[in-house]
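Here's the letter readout for the chains.
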Amino acid sequence: MTAAPSLATLAPDSLTVRRGTRSFARRAAGFGPSPWAEVGPWFDRHPDPIFFGNGAPAPELVPVARLREATTRAWADAPGALGYGDVAGYPPLRGLIGARMAARGMVADPETLVVTNGSQQGIDLIARLFLDPGDTVIVEGPSYLGALQVFDAYEAAYLVVPMDDQGLDVATLRTMLADHARRGARPPKLLYTIPTFQNPTGGSMSRERRETLLELARLHGIVIVEDDPYGELRYDTGAPEPALRALDPEVIYLGTFSKTIAPGLRVGWMALPEDLVEPVTTAKEVADINNERMTSRVVFHTARGFLDGHLDRARTAYRARRDALLVALDEHLPSGSKWTRPGGGFFVWVTLPPGLRVDRVIVPAADAGVVFLPGAWFYPDKRDPFTLRLSFSALPPDRIGEGIRRLGGAISRTIDAAV
Ligand SMILES: Cc1ncc(COP(=O)(O)O)c(C=O)c1O
């Protein structure tokens, strides 16, 4: 129940993948059925399910009126904008992104920025540029499911580094790299990390860890990919940790407007080290010829003079949702359960009482009207059967409270049934 079933079986020669009468390329094994397909039946078990799986902004925080106005302004440009062009993206938008990144201490010359079809495309372009089949990618355990799907599609191997309350455990990574080298394996090429308000744990890497990680990566010649969709969604006071890119301009940085404006726009970006601008731009050209030229105008006209105020309102709303979730977990989860207390982002990561597997809770929870994502989905080898991810961004506080009451009841009944 917790692992997405594999789409296709490898043929005995491992060169093609057979599904029905089709012979797909070997890499098609990485295109399993979307794990989201597994979620559908869980919804059907209750007339009013509460879904904690949606890592999107609250619908009521999508600035529709502003987007509508911005669209009118974007269309004023239309005659010049509707041909091919702009592989790296609409220059004024790159200027705006560069200024916002600079304000957060990052080196981000607009010439080193490439606008992408969401940050998901940035992950894909990096993977297609760097990974041969069998190359090793270092990821946090757990990590963002969508990135793992990309790396799987390029037939990556993994080093999965554990995390603690200060983020990726760099000391363990050091040992893992030494073991990897001792085995004579090809050195890892990429390290993909979400250091700030991580998906799925909500955790953040401490400043010290960030610096040690950068040193270690330099020592081993590993390219760091910093995925940062949630860095501007910070709910607690105090100084934020610097982005990895602010500490080292050699880091590839991925940003997005999906969480700060709306995911349906599909506008994200990459900030690159200078020598990667040309190969990434060419890879983007090969993938889809050039950037779309209308939505990035809409995003530019929406964001300019508006985004900071909008983010203040969004942070206030998300802080209330995060707090409602933490209070409800305290009140309703049985003793022995543990969870993270994120300072920002959209997610809380729950560990069930010792020995209780999440696949025993999914159906009782769905029957009680609460649906969430199993933690195993966030590991390349689905190794962790005892955790689950809760997103709080898209649910009003009263639904969060009711959902966690239902979840707590389902967990307690499962435990009671076992004794
Ligand atoms: C860590 C992480 N990276 C990338 C994405 C995808 O973002 P985009 O909509 O910009 O492609 C998400 C979305 O959930 C995410 O959580």
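Note that the structure is a prediction, hence the values are computed from the model and not measured.

Examining the packing of helix 12 (residues 307-332) against helix 14 (residues 397-418)
Axis separation between helix 12 and helix 14 bottoms out at 9 Å; the angle between their running directions is 25°. Judged by the inter-axis angle, helix 12 sits roughly parallel to helix 14. As helix 12 runs across helix 14, the sense of the crossing is right-handed. Taking contact as the criterion, the partners of Ala320, Arg321, Ala324, Leu325, Ala328, Leu329 and His332 in helix 12 are, on helix 14, Pro397, Ile400, Gly401, Ile404, Arg405, Leu407 and Gly408. Here the residues of the contact of helix 12 with helix 14 sort into 9 nonpolar, 3 polar and 2 charged.

Quick word on the domain arrangement of the protein chain
You can read the domains of the protein chain as domain 1 (34-62 + 309-418) and domain 2 (67-305). Of note, the centres of domain 1 and domain 2, computed from C-alpha atoms alone, are 26 Å apart. Opposite the 27 residues of domain 1 that make contact, domain 2 presents 25 residues. Of the residues forming the side of domain 1 that touches domain 2, the biggest block, 6 residues, is contributed by helix 12.

Digging into helix 7 (residues 170-182)
Between its first and last C-alpha, helix 7 extends 18 Å over 13 residues, near the 18 Å set by a 1.5 Å rise per residue. All of the buried residues in helix 7 are Val170, Leu173 and Leu177. Down the axis of helix 7, the smallest arc covering the buried residues is 45°, so these residues share one side. Seen from the buried face of helix 7, the exposed residues on the opposite side, beyond 90 degrees, are Ala171, Thr175, Ala178, Asp179 and Arg182. Just past helix 7, the residue glycine 184 takes up positive phi, approximately 75°.

Observations regarding the sheet that holds strand 13 (residues 338-339)
Read from one edge to the other, the open sheet built from 4 strands follows the order 13-14-17-16, with strand pairing classed as antiparallel. A strand with exactly one partner marks an edge of an open sheet, and here the two such strands are strand 13 and strand 16 (373-374). Across 5 bridges, strand 14 (residues 347-351) lies against strand 17 (residues 387-391) in antiparallel orientation. Paired with tryptophan 349 across the strands is arginine 389, a residue of strand 17.

What about the nonpolar core?
Formed by 107 residues in total, the largest nonpolar core has its most connected members in Ile252, Met270, Ala271, Val299, Val370 and Leu390. For this core, the element with the most residues is helix 12, which contributes 6 residues. Looking at this core, you find at least three residues from each of domain 1 (34-62 + 309-418) and domain 2 (67-305). Once residues lying within four places of it in the same chain are set aside, the contact partners of methionine 270 are Leu113, Val114, Thr116, Gly122, Ile252, Tyr253, Leu254 and Val280.

Cut-off values and rules
- Residues numbered from 1 in each chain as written.
- Predicted model: local features only at pLDDT ≥ 70, side-chain atom pairs only at ≥ 80, totals over all residues.
- Axes fitted to C-alpha atoms, helices over the stretch in contact; angles between N-to-C directions.
- Helix = DSSP H or I, 4+ residues; strand = E, 2+ residues; numbered from the N terminus.
- Parallel < 35°, antiparallel > 145°, perpendicular 65-115°, else oblique.
- Left-handed = near helix turned anticlockwise from the far one by under 90°.
- Contact = placed C-beta atoms within 7 Å.
- Nonpolar A, V, L, I, M, F, W, Y, C, P; charged D, E, K, R; others polar.
- Domains from an automatic or database assignment.
- Expected span 1.5 Å × (residues − 1).
- Buried ≥ 20, exposed ≤ 12 C-beta atoms within 10 Å, placed from the backbone.
- Arc of directions from axis to C-beta.
- Pairing = 2+ DSSP bridges.
- Core = buried A, V, L, I, M, F, W, Y, C linked by C-beta atoms within 7 Å.

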